[in-house]
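Here's the letter readout for the chains.
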Amino acid sequence: MKQFLDGVPATYTAYLLGPYYDNPNTIGETLMPPELVKELITNADKEGFRIRLHACGDAAIRLALDSYEAAWGWNICSFLH
């Protein structure tokens, strides 16, 4: 399973922990609510899917790691890449 968590920095859609230095009005965004991401990853892992996440921004990377942590203990091998 591959899921995109955010966009890319060039279009200010990568999800960041703080505002863009050249566009301080935005931190980007996720493509779905963080709690839904965690639920999706946990359920996919329980079903044995290999999980791959696209995450460009530092907040998106944190969300990816938090989601893996939430699912930890089910299908641990799916996190190896």
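Only a predicted model underlies this, so the values are computations on that prediction, with no experimental measurement involved.

Side note on the overall build of the protein chain
If you tally the helices and strands in the protein chain, you get two helices and two strands. Listed N to C, the secondary structure of the protein chain is β-α-β-α in terms of helices and strands. Evaluated residue by residue, the protein chain yields a buried proportion of 35% over its 81 residues. In the protein chain, the proportion of contacts linking residues at least 24 apart, taken out of those at least 6 apart, comes to 63%. Within the structure as shown, the protein chain displays about 5,200 Å² of accessible surface, and the carbon and sulfur contribution to it stands at 58%.

Points about helix α1 (residues 34–46)
With 13 residues, α1 should cover 18 Å at 1.5 Å per step; its first-to-last C-alpha distance of 18 Å lies within 8% of that length. All of the buried residues along α1 are Val37, Ile41, Thr42, Ala44 and Asp45. Taken around the axis of α1, the buried residues stretch over an arc of 165 degrees, which confines them to a single face. Structurally, α1 contributes buried residues whose contacts are with β2 (52–54) and α2 (58–71). Looking one or two places after α1, you find Gly48, whose phi comes out positive at around 90 degrees.

A word on the packing of α1 against α2
It is at 8 Å that the axes of α1 and α2 come closest, and there the two elements cross at 45 degrees. With respect to their mutual orientation, α1 and α2 come out oblique. Our pair here, α1 against α2, has a crossing hand that is right-handed. Touching Pro34, Val37, Lys38, Ile41, Thr42 and Asp45 of α1 are Leu63, Asp66, Ser67, Tyr68, Ala70 and Ala71, all from α2. When the residues that make up the contact of α1 with α2 are grouped by side-chain class, the tally is seven nonpolar, two polar and three charged.

Concerning the environment of Gly7
Examined against the element boundaries, Gly7 turns out to sit in the loop between β1 (2–4) and α1. Under the relative-accessibility criterion, Gly7 is labelled buried at 15%. For Gly7, the residues in contact, after removing those within four places along its chain, are Thr13, Ala14, His54 and Cys56.

Parameters at a glance
Residues numbered from 1 in each chain as written. Predicted model: local features only at pLDDT ≥ 70, side-chain atom pairs only at ≥ 80, totals over all residues. Heavy atoms only, no water. Helix = DSSP H or I, 4+ residues; strand = E, 2+ residues; numbered from the N terminus. Buried < 20%, exposed > 50% of the residue type's maximum accessible area, 1.4 Å probe, protein only. Contact = heavy atoms within 4.5 Å. Areas by Shrake-Rupley, 256 points an atom, 1.4 Å probe, with all protein chains shown as cover. Expected span 1.5 Å × (residues − 1). Arc of directions from axis to C-beta. Axes fitted to C-alpha atoms, helices over the stretch in contact; angles between N-to-C directions. Parallel < 35°, antiparallel > 145°, perpendicular 65-115°, else oblique. Left-handed = near helix turned anticlockwise from the far one by under 90°. Nonpolar A, V, L, I, M, F, W, Y, C, P; charged D, E, K, R; others polar.

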